[in-house]
Amino acid sequence: MAMAMTTLISKTTPISICPSTTTSMAIAFNSASAFCPQFKPKPTFPLFSKPLFFLSSRQFSSRVINASTKDEFSGRVGFLGLGIMGSPMAQNLLKAGCDVTVWNRTKSKCDPLISLGATYQPSPEEVAASCDVTFAMLADPESAVDVACGKHGAANGMGPGKGYVDISTVDDGTSKLISERIKATGALFLEAPVSGSKKPAEDGQLIFLTAGDQSLYEKVASLLDIMGKSKFYLGDVGNGAAMKLVVNMVMGSMMASFSEGLLLSEKVGLDPSVLVEVITQGAINAPMFKLKGPSMIQSQYPTAFPLKHQQKDLRLALGLAESVSQPIPIAAATNELYKIAKSRGLSDQDFSAVIEALKSNTTE
Ligand SMILES: NC(=O)C1=CN([C@@H]2O[C@H](COP(=O)(O)OP(=O)(O)OC[C@H]3O[C@@H](n4cnc5c(N)ncnc54)[C@H](OP(=O)(O)O)[C@@H]3O)[C@@H](O)[C@H]2O)C=CC1
Ligand SMILES: O=CC(=O)O
């Protein structure tokens, strides 16, 4: 397998990077047109002080390269897909003064962005044709392929000098397919799936897991900095997708295990709120437990990360593991639990609603 290079730029301090594999988002650039003039670095994260590292994802060999974020992006930015994540990301670009053109399958979701100054185009093709760099944030592999490669898809509007950045969480095969189609037009491609949910998207605190054309990565670095707190460059297309799937495989299993713990503690007469406090103070603490625990105890699941997307990521992680004959029995069992939750009508609830699948099981 080809060695993949990992770059990390953080808004805060230098960070050691762990080994990786792959993921996806879409941007197109063309220095000729328009502008994104008012990029203002957030005061707590000076733009020119961001460290950047270049690491081998498999061997930890490293070299430091110059941070490219000092080069502001000057071009028209397209944004396809305005769901829970895409809307706040596009909004942050607009608020930073970028010239943004939007499209969404359900047009009404474009309206709040249009009222903030975005331009609307009626198809992905027309967005890509009118923009220098086009980002895509779609639900799943099928929609990501359709929007990029389908009839009136973005690829039809791409060409030399432009770039496509796919932020959607998809598998590496899907990302490679989209990359090939985009690059056949002469444009550049970057996959850039994100770690971080609705609130980090609103706060511009996402973590980008990028791979693909490094020159596109460097050209859109200042845009990634508007939407995120750090960014990794992981080498060949597929490595960003794989990294994202591994992270979300771990997250899905953690949430399932946490759900079992909450229910077991209650069944044996403990206060699950105290369990959350105990976990929070110990070595297995993760922000997710404190964030989701109190509402889970109240059987409330306000959607930040839809359960159907978590199950999709587990399904794709199983495929990734299969491709390299890696046993992942915990993730396989976890996937079954999320499938049960989906079959009980919880698809559009937050993924923490997976606890309901366990409740139903214990009462049957
Ligand atoms: N929510 C989260 O916390 C995070 C999500 N992700 C990933 O980001 C991606 C988007 O997530 P999120 O914003 O939460 O999802 P949403 O379900 O809120 O949004 C999905 C987007 O995809 C569009 N879409 C779905 N199917 C099609 C289709 N067939 N053709 C065209 N457009 C389509 C939707 O359009 P329409 O409005 O018309 O339905 C919508 O714009 C997913 O891959 C997810 O796994 C990554 C990190 C965090
Ligand atoms: O993909 C979901 C996330 O929270 O990250």
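Cut-offs used in this document
- Residues numbered from 1 in each chain as written.
- Chains lettered and ligands numbered in written order.
- Predicted model: local features only at pLDDT ≥ 70, side-chain atom pairs only at ≥ 80, totals over all residues.
- Heavy atoms only, no water.
- Helix = DSSP H or I, 4+ residues; strand = E, 2+ residues; numbered from the N terminus.
- Expected span 1.5 Å × (residues − 1).
- Near = heavy atom within 4 Å.
- Polar contact = N/O pair within 3.5 Å; in protein donor to acceptor, adjacent residues only side chain to side chain.
- Areas by Shrake-Rupley, 256 points an atom, 1.4 Å probe, with all protein chains shown as cover.
- pLDDT = per-residue confidence, 0-100.
- Contact = heavy atoms within 4.5 Å.
- Buried < 20%, exposed > 50% of the residue type's maximum accessible area, 1.4 Å probe, protein only.
- Pairing = 2+ DSSP bridges.
- Right-handed = clockwise from strand over helix to strand, strands pointing away.

Asker: I tried to follow helix α9 (residues 239–267) on my own but got confused; where do I start?
Answerer: One full turn of an α-helix is made of 3.6 residues, so residues set three or four places apart face in the same direction. Taking 1.5 Å as the rise per residue, α9 with 29 residues should run 42 Å; its terminal C-alpha atoms sit 42 Å apart, in good agreement. Positive backbone phi, at 90 degrees, marks G269, one or two positions downstream of α9.

Asker: I'm lost on the site of ligand 1 in this one. Help?
Answerer: Near ligand 1 you find 26 residues, and of these N104, T106, K109, S197 and K312 are the closest. L82 has a polar backbone atom sitting 3.2 Å from an oxygen atom of ligand 1. In this structure, G83 approaches ligand 1 through a main-chain N or O atom, which is 3.5 Å from an oxygen atom. For ligand 1, the accessible surface in isolation is 890 Å², of which the surrounding protein chains cover 88%. Elements supplying a minimum of two residues to the shell around ligand 1: α4 (141–149) and α12 (307–323).

Asker: Teacher, can you tell me more about the confidence of the model for the protein here?
Answerer: Low pLDDT marks stretches whose predicted atomic positions should not be read closely. Mean pLDDT over the protein: 86, with 79% of residues reaching 70 or higher. Scored below 50 in pLDDT, residues 1–5 makes 16 contacts in the model with residues more than four places away or belonging to other chains. Here residues 12–68 scores under 50 on pLDDT; set against residues more than four positions off or in separate chains, the count is 211 contacts. This complex was scored by the predictor with a pTM of 0.87 and an ipTM of 0.99.

Asker: Looking at this model, I keep getting lost on the pairing of strand β4 (residues 76–80). Mind explaining?
Answerer: Successive residues of a regular strand alternate their side chains across the two faces of the sheet. Taken across its five residues, β4 has four buried, putting it largely inside the fold. Sheet topology note: the β4/strand β5 (residues 99–103) ladder contains five bridges and is parallel. Counterpart to R76 in the pairing with β5 is D99. Crossover β4 to β5 through helix α1 (residues 86–95) is right-handed. Pairing analysis gives four bridges linking β4 to strand β7 (residues 133–136), with the strands arranged parallel. Paired with G78 across the bridge in β7 is T134.

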